[in-house]
Amino acid sequence: MDDFARAATRLTTIILDRIDGERLLVLGDLDALDAGTVSDAADDRACQFVTPWLHLSREVASVGLDAEHADWTDRTADAAVVYACKAREELDMRLANAAAAVGDDGTVVLVGHNKLGITSLAKRARQSFRSVERIESARHCGAFALQGWTGEASRLSREAWWSQRRCELTGLTLFEAPGVFSRGHLDDGTARLIGALKHQRTGRMLDVCCGGGVIGLREAARTPELEVVLSDVHAGAIASARRSAAANGLAERVTVVAGDVYDGVTPRFQTIVCNPPFHSGSDQSLEVGLRVISEAGTILSNGGELILVANRFLAYAEPLSAAFERVDVLSEDGRFRVWRGRRPR
């Protein structure tokens with residue numbers, strides 16, 4: 001949990017006594033500590049926590065709290081607290097979800113750190129709510145009470161938040177949820193990895209940290225005998241990958257799972273493909289990429305390969321050499337490098 005969310009949690013405990021109702025819905029990226037803090041401050045009210053991140057939902061559930069791994073919930077509540085996030089459209093969807101959950105008479109409280117631009121976010125919310133009122137400002141955070149949804153009625157349904165596009169490079173029809181990496185376009189790194197896959201693979205392929213799943217879906221589409229598994233921690237990514245697989249007639253040959261790196265998948269694979277994230281909150285982090293590399297040997301076959309794309313400045317050369325007997329570069333340009341590690345040690 002980053003410092004922004006932790007500060008917002010402390011502010012939430014201050015304003016809970018101003019929120020009416022017995023059932024409280026909390027939408028945001030809270031870990032077990034912060035969820036516990038909110039639950040304790042809520043006294044006897046029933047708290048339901050919803051987060052799109054698998055590891056956070058597991059943490060919250062592990063301490064006995066009601067947690068759901070989802071980017072949209074059909075639960076109802078008397079009031080809702082929504083934690084601000086950097087992805088604007090994802091936040092818009094969370095606010096609409098909260099408004100649908102509490103109905104016309106309930107209150108949605110938007111909480112966030114000043115460095116996330118909480119005042120600007122509250123101003124943006126005025127486009128969709130009849131009333132937006134600041135109720136607290138402390139600990140470098142702000143809290144705003146939102147009432148009366150005035151946005152499009154269709155936006156109170158999950159279906160309205162899907163985007164659909166055709167990916168020219170792959171020929172696939174893609175459905176993407178808010179918050180999914182590279183929504184609305186094919187990012188350059190992924191395009192370079194796809195271009196580096198010159199020959200068709202056989203056996204089993206895992207697209208880990210798959211996002212919307214475009215890499216694995218493309219390989220499944222062009223190689224009917226290939227068994228493909230897509231895995232991600234984000235609920236929106238998982239839902240997007242599943243819907244895109246169905247839209248392209250691949251649902252029976254592509255398995256989509258919720259997993260934290262290799263958690264949730266069954267060995268063994270001949271190929272792993274990955275465009276790993278390298279940010280954690282607002283900080284740069286190689287943690288996920290290093291796990292993808294160092295743990296690959298646990299699920300790859302003896303002669304298996306990991307194909308990974310990353311920005312050139314990210315230091316993956318030594319970890320790859322430590323994890324694989326042979327490492328080479330399949331493709332590169334001024335920004336990206338496609339690494340291949342073969343025969344895990």
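Just so you know, these numbers come straight off a predicted model, no measurement behind them. (Residues numbered from 1 in each chain as written. Predicted model: local features only at pLDDT ≥ 70, side-chain atom pairs only at ≥ 80, totals over all residues. Heavy atoms only, no water.)

(A) Summary view of helix H7 (residues 214–222). With respect to burial, H7 is a largely interior element, 7 of its 9 residues being buried. Restricting attention to buried positions, one finds in H7 the residues Val214, Ile215, Gly216, Leu217, Arg218, Glu219 and Ala220. (Buried < 20%, exposed > 50% of the residue type's maximum accessible area, 1.4 Å probe, protein only. Helix = DSSP H or I, 4+ residues; strand = E, 2+ residues; numbered from the N terminus.)

(B) Molecular detail of the sheet that holds strand E4 (residues 79–83). The 7 strands are arranged E3-E2-E1-E4-E5-E7-E6 in an open sheet whose pairing can be described as mixed. One side of each edge strand has no neighbouring strand; the edge strands of this open sheet are strand E3 (66–69) and strand E6 (129–138). Looking at each pair of strands side by side, their axes are set apart by 20° on average, direction ignored. Bridging between E4 and strand E5 (residues 107–113) involves 5 bridges; their strand directions are parallel. If you follow valine 81 over to E5, its bridge partner there is valine 109. Along the sheet, helix H3 (residues 54–62) makes contact with strand E2 (46–51) and E3, crossing E3 at roughly 165°. Helix H4 (residues 88–102) contacts strand E1 (23–27), E4, E5, E6 and strand E7 (141–149) of the sheet and is inclined by roughly 170° relative to E4. (Pairing = 2+ DSSP bridges. Axes fitted to C-alpha atoms, helices over the stretch in contact; angles between N-to-C directions. Contact = heavy atoms within 4.5 Å.)

(C) Spotlight on the pattern of salt bridges. Evaluated as defined, the whole model comprises 25 salt bridges. In this structure, arginine 158 and aspartate 71 form a salt bridge, with 3.0 Å as the shortest nitrogen-oxygen distance. Residue arginine 158 is found in the loop between E7 and strand E8 (163–167), and its partner aspartate 71 is found in the loop between E3 and E4; the two are separated by 87 residues along the sequence. Each of Asp29, Glu90 and Arg94 takes part in a single network of salt bridges with overlapping partners. (Salt bridge = Lys/Arg side-chain N within 4 Å of Asp/Glu carboxyl O.)

(D) View of the packing of aromatic side chains. Under the counting rule described, the total for this entry stands at 2 aromatic pairs. Ring centres 5.3 Å apart and planes at 90° place the aromatic pair phenylalanine 129 and tryptophan 149 in the edge-to-face group. In this pair, phenylalanine 129 is assigned in strand E6 and tryptophan 149 in strand E7, connecting sequence segments 20 residues apart. Above the ring of tryptophan 161, the side-chain terminus of arginine 155 is found at 4.3 Å from the ring centroid. (Phe/Tyr/Trp six-rings, centres within 6.5 Å; stacked < 30°, edge-to-face > 60°. Lys NZ or Arg CZ within 6 Å of the ring centre and 35° of its normal.)

(E) How the structure looks around unusual backbone geometry. Cis geometry marks the peptide bond from proline 267 to arginine 268; its omega dihedral reads 0°. You can see arginine 268 is positioned in the loop between strand E12 (254–258) and strand E13 (269–274). Even without being a glycine, aspartate 43 presents a positive backbone phi close to 60°. Inspection of the secondary structure assignment puts aspartate 43 in the loop between helix H2 (32–41) and E2.

(F) Geometry of the environment of arginine 218. Its place among the elements puts arginine 218 in helix H7. Arginine 218 sits in the buried class, given a relative accessible area of 17%. Here the alpha-carbon distance between arginine 218 and threonine 202, two residues 16 residues apart in the chain, equals 14 Å. Ignoring sequence-local partners within four residues, the contact set of arginine 218 consists of Thr170, Leu172, Ile194 and Leu197.

(G) Spatial organisation of the sheet that holds strand E10 (residues 204–208). Strands sit in the order E12-E11-E10-E13-E16-E18-E17 across an open sheet of 7 strands; the sheet is mixed. Strands at the two margins of the open sheet, each flanked by one partner only, are E12 and strand E17 (324–332). Sheet twist, expressed as the average angle between the axes of neighbouring strands with direction ignored, equals 20°. As paired elements, E17 and strand E18 (residues 336–344) share 7 bridges and run antiparallel to each other. By the bridge assignment for E18, valine 327 is matched with glycine 341. The strands touched by helix H6 (residues 188–196) are E13, strand E16 (300–311), E17 and E18; relative to E18, the strand with the most contacts, the crossing angle is about 50°.

Shape descriptors only; they carry no functional weight alone.
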